[in-house]
Amino acid sequence: MGGVSDATLSPLPSADRPEVAARLREALLAASFTADGLLDLLGAPAYAALARSETVPALRATRGDTPLETLVRLFLLQQPVPHARVEEFLPLRACVESGWLVHTGADEVAATVDVRPYGGPDGEDWFIVSDLGCAVGGAGGIGSRDEGVVLGVGGASTTLAGITVRTPVSSALDLGTGSGIQALHAARHATRVTATDLNPRALHVTALTLALSGAPAADLREGSLFEPVRHDERYDLVVSNPPFVISPGARLTYRDGGMGGDDLCRSLVQGAGERLTEGGFAQFLANWQHVEGEDWQDRLRSWVPRGCDAWIVQREVQDVTQYAELWLRDAGDHRGDPAEYQARYDAWLDEFEARKVKAVGFGWITLRRTSAAEPVVTVEEWPHPVEQPLGDAVRAHFERLDYLRAHDDAALLAGHFRLAGEIVQEQVGMPGAEDPEHVVLRQHRGMRRATKVDTVGAGFAGVCDGSLSAGRILDAIAQLVGEDPVSLRDRTPAQIRLLVEQGFLEPAR
C-alpha cells in the first residue's frame, strides 16, 4: 500500500514548534475552550448537533463577542474572525507564523485546522486536530473531496478507546493512528507510544494533537499495517481502528482497506500475535464477511494467531445493500450524479456477489498473548447496549479465563464465589403460576448480559457471598430440594463455569 499525497490539501501547522502549541493550549484553557466549557456555552442540543457536524445551532449560540464564542467560530465553525479581537487572548503572531492561523483579509484571520475539545477519561482537557470540516469521523461527503483528509473523532474511535484495556504498560502501538486519538489515550498509561499510518498527513496531525493536548510526543512511523515495525519489536498493547470498510477498490484512504474483501482486518489480526509481549493485548475494530455456505464464527476463529486467547464480539450485521448504502452516503455519493451513484452501488454489489458475501458483520476483536497449552477463543454475537468504558470488563474476562483454565471441576467445587455487583434476578412465567418457566440473571454493568438459569443455578448464585465453597452450597441445595448431592455436584459445574465466564460470579479467594 503506497503513500498518500496531500498536495491538494491546505498546509498544516508546523509540528516542529511545540512551544507554540503549548502557548496556544494555555490560551484555549484560559478561555474555557474545553468540552465542559462548550457544553455550558452551547447547551446540550447545540453541542450534540455539533457532534453530528450540524453547525447552525452552534452559530446561533455564538453571536456574542466573548473569547470562548470567538474560539468556537474560529476553530469549530471555520468562520473568519477579526484579528484584533483574537490578539487579545491568543498568541496571534506565533499562531500565524507556525501555521495555526492564516490572514484572510485586511483585518481577519481563519484557522487552518479544526481543533475540537475532547474530555479525557479522568477529566483531562485534550484537543483533537483534524482537517477543516472533518472533525466528526464519517461526516457524509468528506472523502469525496479529497482522499488524504484526516478525520477527527467518530463513533468508532470512541468505541475503541472505551474497550481498550488501560493498565500501565511500557510500550503501546497504535496502527493507523489517524488524528491520534488512540495514541493520546495510550500516552496516559504507556511509557512509550509508537503510532503508524499510511498517510503522512495523519502522522503530522497526530503530532499536533499530542502537542496541543499536553501529551508526550510519540514515535511516528509512516507505512501500512506492521510494515514500519521492526520484526524484533514487541508491545504490551496494540490498538487499531483500521480502514476496515469492505469496498470495491481503495478510493478513500481513511476508510477503505485496499485489500480484497476483509483481508486487511484478517491480516491485521493474524499479524498481531507475534508483535505482543507475554500477556499483552491487541484490540481492534473490524468488519468481516458473512459468506454463503460458511459459518462466520469459524471464519473469525481462523484469523486468531497461534498462542493467543481471543474474545470476538459481533455488534451488528448488515445485508450487502444496507452496507453499500451506508458507505456510499458516508462519501456523499448520494448527493452527486445519480448515474454515477448507481454505477458505484452496482460495483459494490458485483464485488459482494463475486465473493458470495450475503452480509457484513462489525465488532470488536481482542487478543491476549498467552503461554497456555490450549488458548481459548470466544466468538459471540452481542448487539445489545453495553456500558462504556469497557476496558476493565475486557481485562476481567481474560482473568476469568485464566481462573477457569486452572481449575478442573473438583477445584471449582472447592472454590468460593461472590455474586458480581448489580446483578438482578427476573422470573418469567404465566401469571398465577406456582413456579416460573425460567429464571434470568441480568447484569446492570459492563456487558449488561442476561443469562437463563435453572432453579439450582439461581439458588446457587443467590447465596454466593464468598463464605461457603461451591460444593457445600450445592450440598445444602440438594438437601433442600430432595436431590442426590452427588448427582447435583456432577451436573452443576458446567453452569458455574458459564456464570463465571460471563461475569455473574467472581472467585472470592
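It should be noted that the structure appears before, not after, this text.
Residues numbered from 1 in each chain as written. Predicted model: local features only at pLDDT ≥ 70, side-chain atom pairs only at ≥ 80, totals over all residues. Heavy atoms only, no water.

Engineer: Hey, could you go over the packing of helix α2 (residues 35-42) against helix α3 (residues 44-51) for me, with residue numbers and the actual values?
Structural biologist: In contact at an axis separation of 6 Å, α2 and α3 are set at 125 degrees when each is read in the N-to-C sense. As the angle between them shows, α2 and α3 are arranged oblique. Along the contact surface, α2 presents A35, L38, L39 and L42, while α3 presents A44, A46, Y47 and L50. Of the residues assigned to the contact of α2 with α3, the class counts are eight nonpolar, no polar and no charged. (Axes fitted to C-alpha atoms, helices over the stretch in contact; angles between N-to-C directions. Helix = DSSP H or I, 4+ residues; strand = E, 2+ residues; numbered from the N terminus. Parallel < 35°, antiparallel > 145°, perpendicular 65-115°, else oblique. Contact = heavy atoms within 4.5 Å. Nonpolar A, V, L, I, M, F, W, Y, C, P; charged D, E, K, R; others polar.)

Engineer: Tell me about helix α10 (residues 200-212), and please be specific about residues and values.
Structural biologist: Each α-helix turn comprises 3.6 residues. Residues three or four places apart therefore point the same way. Here α10 is 13 residues long and its end C-alpha atoms lie 19 Å apart, about the 18 Å a rise of 1.5 Å per residue gives. Along α10, the residues classified as buried are R201, A202, L203, V205, T206, L208, T209, L210 and L212. Buried residues along α10 sit in contact with α1 (18-30), β4 (114-119), β5 (125-130), α9 (181-186), β7 (190-197) and β8 (219-222). The N-cap residue of α10 is N199: its side-chain oxygen and the backbone nitrogen of R201 are 3.0 Å apart. Positive phi shows up at G214, right after α10, with a value of about 75 degrees. (Expected span 1.5 Å × (residues − 1). Buried < 20%, exposed > 50% of the residue type's maximum accessible area, 1.4 Å probe, protein only. Polar contact = N/O pair within 3.5 Å; in protein donor to acceptor, adjacent residues only side chain to side chain.)

Engineer: Account for the layout of surface pockets, with residues named and values stated.
Structural biologist: Size it by volume and the second largest pocket reaches roughly 420 Å³. Along the wall of the second largest pocket there are 19 residues; nearest its centre are A396, R400, A420, G503 and E506. At the level of elements, α15 (391-406) and β19 (505-507) are the ones that each hand at least two residues to the lining of the second largest pocket. Per element, the largest residue contribution to the lining of the second largest pocket is six residues, and it comes from α15. Here the residues of the lining of the second largest pocket sort into eight nonpolar, five polar and six charged. (1 Å grid on protein atoms, 1.4 Å probe; cavity = no way out; pocket = protein on both sides within 12 Å on 5 of 7 lines; lining within 4 Å. Points joined across faces, edges and corners; volume = space filled by probe spheres on them.)

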